[in-house]
Amino acid sequence: MGDQRLNRNYTGRFPRTPARIFGLAAVRLYQITLSPLIGGHCRHIPTCSEYAYEAIARHGLWRGGWLSARRVARCGPFGKAGLDPVPHTCGRHDKEPHA
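It should be emphasised that the depicted structure is a prediction, and the values quoted were computed from it without experimental measurement. (Residues numbered from 1 in each chain as written. Predicted model: local features only at pLDDT ≥ 70, side-chain atom pairs only at ≥ 80, totals over all residues. Heavy atoms only, no water.)

Q: How would you sum up the pattern of salt bridges? Please name residues and give values.
A: Enumeration according to the criterion identifies 3 salt bridges in this entry. Here Arg-58 ties to Glu-54 by a salt bridge, and the two come within 3.0 Å at their closest N and O atoms. Separated by 4 residues within a single helix, Arg-58 and Glu-54 lie in helix H3 (residues 48-74), roughly one turn from each other. Where Asp-84 meets Arg-71, a salt bridge forms, and the shortest distance between an N and an O atom there is 3.5 Å. Taken as a pair, Asp-84 in the segment after strand E2 (82-83) and Arg-71 in helix H3 lie far apart in primary sequence, 13 residues in all. (Salt bridge = Lys/Arg side-chain N within 4 Å of Asp/Glu carboxyl O. Helix = DSSP H or I, 4+ residues; strand = E, 2+ residues; numbered from the N terminus.)

Next up, the structure:
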């Protein structure tokens, strides 16, 4: 239990660019203000806001925002539930070039 944190958001390393910091601040503001009012109804692990935080931290504001929007769209009453981690690579720019 030693190094376990109370923060459930992504704690890995990522470039601290102004766009990422803005996006992460917006997600965190939502988590602090609106999320408690809405309640815990997310059927995925991690929750949609945790997913958004990690996606923006890993992939930047635009790609991470797109991944987050797709995730929220999948989180409806007729969607699937369960483990849905943020992909490590996103799109054609993150893949290895072909030899």
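After that view of the structure, there is still more to cover.
Q: Now, about the nonpolar core: what can you tell me, with residues and values included?
A: Ranked by size, the top nonpolar core spans 7 residues in total: Phe-14, Leu-24, Val-27, Ala-52, Tyr-53, Ile-56 and Ala-57. Elements with a minimum of two residues in this core: helix H1 (18-33) and H3. Considering each element in turn, this core owes the most residues, 4 residues, to H3. Here Ala-57 is in contact with Tyr-10, Phe-14, Arg-20 and Leu-24, once residues within four sequence places are set aside. (Core = buried A, V, L, I, M, F, W, Y, C linked by side-chain atoms within 4.5 Å. Buried < 20%, exposed > 50% of the residue type's maximum accessible area, 1.4 Å probe, protein only. Contact = heavy atoms within 4.5 Å.)

Q: For the packing of H1 against H3, give the residues involved together with the corresponding values.
A: Between two packed helices, the angle of one axis relative to the other and the distance separating the axes together describe the packing. Direction vectors running N to C along H1 and H3 enclose 175°, while the axes themselves pass 9 Å from each other. Judged by the inter-axis angle, H1 sits roughly antiparallel to H3. On H3, the residues touching Ala-19, Arg-20, Phe-22, Gly-23, Leu-24, Val-27, Tyr-30 and Gln-31 of H1 are Ser-49, Glu-50, Ala-52, Tyr-53, Ile-56, Ala-57, Arg-58, His-59, Gly-60 and Leu-61. Class assignment for the residues of the contact of H1 with H3 results in 10 nonpolar, 5 polar and 3 charged. (Axes fitted to C-alpha atoms, helices over the stretch in contact; angles between N-to-C directions. Parallel < 35°, antiparallel > 145°, perpendicular 65-115°, else oblique. Nonpolar A, V, L, I, M, F, W, Y, C, P; charged D, E, K, R; others polar.)

Bear in mind that shape data such as this cannot, by itself, settle questions of function.
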